[in-house]
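An overview of the molecular structure
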Amino acid sequence: MEFGYVRVSAKDQNPERQIQKLMALGIDRRNIYVEKASGHTFCREVYDMLIHHIMRPGDRLTVTELKRFGRNYREIYREWHHITKELNLDIRVVDMPLLDTTLHKELVGQLITDVVLSVFAYVAEQDWDERHELQRQGIEVAKEAGKYLGRPRANYPDNWDIYYGLWKNGEITARKAMELMHLKKDTFYRLVKKYEEQPEENK
């Protein structure tokens with residue numbers, strides 16, 4: 001059977017492009033497994049379930065790009081060997097036709113696949129390291145410039161004084177105050193802490 005694995009690193013990233021690409025190859029939507037997790041480790045719940053509990057010997061796993069499979073060079077190489085040699089599954093990387101184990105069963109073909117895999121796995125890891133180093137440098141520059149980093153500071157809603165006062169006086173619950181001000185729980189209590197730490201003359 002054909003299975004697809006889709007991975008995005010962040011919760012706000014959309015996996016639909018990968019899904020559509022796999023479906024265009026004839027993979028049934030119900031056999032495409034989607035996960036939102038970092039690619040720098042293979043300790044992923046959906047991936048582990050698919051590889052070890054759903055797929056059977058002779059099945060093929062397809063990913064659109066090698067980086068969707070993983071980003072750590074050594075782990076990619078070990079995992080590739082584990083899947084193809086120990087679990088007897090096949091792997092296909094859509095944008096790298098040479099990385100399709102169903103096409104290269106002979107010894108020379110396997111050697112070519114190993115060499116290509118080594119090169120591209122290394123490139124994938126270097127790309128990951130470079131992006132994170134650039135991100136780290138950007139953070140350091142922003143800190144030196146005195147710019148705020150991290151989660152954006154929430155602003156007080158226009159009706160804050162009214163519903164904060166009612167809540168503090170015990171006239172409404174915290175849940176009701178959050179609902180009336182359209183605030184999430186963590187935002188509400190962060191604003192409460194910030195508000196109560198201000199000097200009285202600034203409130």
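Right above here is the structure, for reference.
Let me begin by describing the structure that accompanies this report. (Residues numbered from 1 in each chain as written. Predicted model: local features only at pLDDT ≥ 70, side-chain atom pairs only at ≥ 80, totals over all residues. Heavy atoms only, no water.)

1. Looking at the overall build of the protein
In terms of regular secondary structure, the protein is built from 8 helices and 4 strands. Each helix and strand of the protein, placed in order from N terminus to C terminus, yields the pattern β-α-β-α-β-α-α-β-α-α-α-α. Considering the protein as a whole, with its 203 residues, one finds that 38% of them fall into the buried category. In the protein, the share of contacts with a sequence separation of at least 24, taken over all contacts with a separation of at least 6, comes to 63%. Looking at the protein as shown, the accessible area adds up to about 12,800 Å², and 53% of this sits on carbon and sulfur atoms. (Helix = DSSP H or I, 4+ residues; strand = E, 2+ residues; numbered from the N terminus. Buried < 20%, exposed > 50% of the residue type's maximum accessible area, 1.4 Å probe, protein only. Contact = heavy atoms within 4.5 Å. Areas by Shrake-Rupley, 256 points an atom, 1.4 Å probe, with all protein chains shown as cover.)

2. Points about unusual backbone geometry
In this structure, Asn 88 takes a positive phi of about 60° despite not being glycine. Mapped onto the fold, Asn 88 is located in the loop between α4 (73-86) and β4 (90-93). For Asn 88, a relative accessible area of 45% translates into the label partly exposed. For His 182, which is not glycine, the phi dihedral falls at a positive 55°. Assignment of secondary structure puts His 182 in the loop between α7 (174-181) and α8 (185-197). For His 182, a relative accessible area of 71% corresponds to the exposed category.

3. Brief notes about the pattern of salt bridges
Applying the stated rule across the entire model yields 8 salt bridges. In this structure, the salt-bridge partner of Arg 30 is Asp 28, at a minimum N-O distance of 3.6 Å. Accessibility expressed as a relative area gives 68% for Arg 30, which makes it exposed. When the shortest N-O distance is used, the salt bridge between Arg 68 and Glu 65 registers 2.9 Å. In this structure, Arg 68 and Glu 65 share a single accessibility class: buried. By sharing partners, the salt bridges in this structure join Glu 2, Arg 60, Arg 92 and Asp 100 into a single network. (Salt bridge = Lys/Arg side-chain N within 4 Å of Asp/Glu carboxyl O.)

4. Topic: the pairing of β4
Every second residue of β4 is oriented toward a common face, with Asp 90 and Arg 92 on one face and Ile 91 and Val 93 on the other, all of them buried. Across 4 bridges, strand β3 (residues 60-63) lies against β4 in parallel orientation. Of the residues in β4, the one forming a bridge with Arg 60 is Asp 90. (Pairing = 2+ DSSP bridges.)

5. Structural notes on the sheet that holds strand β2 (residues 32-36)
With respect to topology, 4 strands assemble into an open sheet ordered β2-β1-β3-β4, the strand pairing being parallel. Only two strands of the sheet have a single partner each, and these edge strands are β2 and β4. Ignoring strand direction, the axes of neighbouring strands in this sheet form an average angle of 25°. As defined by bridge partners, strand β1 (residues 2-8) adjoins β2 across 5 bridges and the pair is classed as parallel. Bridge pairing in β2 places Gly 4 opposite Ile 32. Helix α2 (residues 45-54) contacts β1, β2 and β3 of the sheet and is inclined by roughly 150° relative to β2. (Axes fitted to C-alpha atoms, helices over the stretch in contact; angles between N-to-C directions.)

6. Here's the deal with the nonpolar core
Core analysis: the largest hydrophobic core is formed by 20 residues, its most contacted members being Tyr 47, Leu 61 and Phe 69. For this core, the secondary structure elements donating two or more residues are β1, α2, β3, α3 (66-69), α4 and β4. Those residues within four positions of Tyr 47 in sequence are excluded, and the remaining contacts are Tyr 5, Glu 35, Phe 42, Leu 61, Phe 69, Glu 79 and Ile 83. Judged by nonpolar contacts, the second largest core, of 13 residues, contains Met 178, Met 181, Phe 188 and Tyr 195. (Core = buried A, V, L, I, M, F, W, Y, C linked by side-chain atoms within 4.5 Å.)

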